[in-house]
Amino acid sequence: MSNKDWDSNLTPEQNYILRQEGTESPGSSPLNNEKREGSYHCVGCGTKLFDSSTKYESGSGWPSFFKSLPDVFEEKTDMHIGYPRTEYHCKKCGGHHGHVFEDGPKPTGKRYCNNGVCLVFKPKS
Ligand SMILES: [Zn+2]
């Protein structure tokens, strides 16, 4: 997708987070309290990223998942806050979504800490 296509459909905050690796305020996303069955998609390109069965309450203030769909993210290390963190972004559109940590629940031990504004929730119909 070209930059132009992206920009026309996204809010300035979504653009900032997806493109500049920004972070929304903790607790600001309505998806923190989303408990319904369904799937979470990339707001930039519509790719399905997470299933609701892998969402859990981490207490971090961001929507958290212990597992992504296979092969949807690319990871890289960033040093934005002075120590290394693993940032992940959508493989298809390149949009930044959040960071993955190694303190999640079993069976994966992963915590995908995702900006809610980068996700579109689609309830199971
Ligand atoms: Zn995407």
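The structure displayed is predicted, hence computed values, not measured ones.

Caption draft 1: Structural context of the coordination of the zinc ion. Only Cys-42 (SG), Cys-45 (SG), Cys-90 (SG) and Cys-93 (SG) from the protein reach the zinc ion as donors, at distances of 2.3 to 2.4 Å. Considering all four donor atoms around the zinc ion, the spread of angles at the metal, 100 to 117°, places the coordination shape in the tetrahedral class. Look at where the donors of the zinc ion fall in the sequence and you get C-x2-C-x44-C-x2-C. With respect to class, Cys-90 is no different from Cys-93; both count as buried.

Caption draft 2: How the structure looks around the pattern of salt bridges. Tallying each qualifying case throughout the model produces eight salt bridges. The salt bridge involving Asp-71 is made with Lys-91; its shortest N-O contact spans 2.6 Å. In this pair, Asp-71 is assigned in the loop between β4 (64–65) and β5 (73–78) and Lys-91 in the loop between β6 (85–90) and β7 (96–101), connecting sequence segments 20 residues apart. The class of Asp-71 is exposed, set by a relative accessible area of 62%. Exposure remark for Lys-91: the relative accessible area of 38% places this residue in the partly exposed category. Lys-110 is paired through a salt bridge with Glu-102; the nearest N and O atoms lie 3.2 Å apart. Lys-110 sits in the partly exposed class, given a relative accessible area of 27%.

Caption draft 3: Layout of the packing of aromatic side chains. Counting across every chain of the model gives nine aromatic pairs. Seen from their ring centres, Phe-50 and Tyr-112 are 5.7 Å apart, and the 65° between their planes marks the pair as edge-to-face. Of this pair, Phe-50 sits in strand β2 (residues 48–51) while Tyr-112 sits in strand β8 (residues 111–114), and the two are 62 residues apart along the sequence. Taking the relative accessible area as the measure of exposure, Phe-50 reaches 0% and is therefore buried. You can call Tyr-112 buried: its relative accessible area is 8%. The interplanar angle of 45° and the centroid separation of 6.4 Å between the aromatic rings of Tyr-56 and Phe-66 together place this pair among those described as tilted. Here Phe-66 lies in the loop between β4 and β5 and Tyr-56 lies in strand β3 (residues 55–56), a separation of ten residues in the sequence. Aromatic ring contacts, followed pair by pair, group Tyr-40, Phe-50, Phe-65, Phe-73, Tyr-88, Tyr-112 and Phe-121 into a single cluster.

Conventions adopted
- Residues numbered from 1 in each chain as written.
- Predicted model: local features only at pLDDT ≥ 70, side-chain atom pairs only at ≥ 80, totals over all residues.
- Heavy atoms only, no water.
- Donors = N, O, S within 2.8 Å, 3.2 Å for Na, K, Ca; no water.
- Tetrahedral: all angles 85-135°; square planar, octahedral: opposite > 155°, others 65-115°.
- Buried < 20%, exposed > 50% of the residue type's maximum accessible area, 1.4 Å probe, protein only.
- Salt bridge = Lys/Arg side-chain N within 4 Å of Asp/Glu carboxyl O.
- Helix = DSSP H or I, 4+ residues; strand = E, 2+ residues; numbered from the N terminus.
- Phe/Tyr/Trp six-rings, centres within 6.5 Å; stacked < 30°, edge-to-face > 60°.

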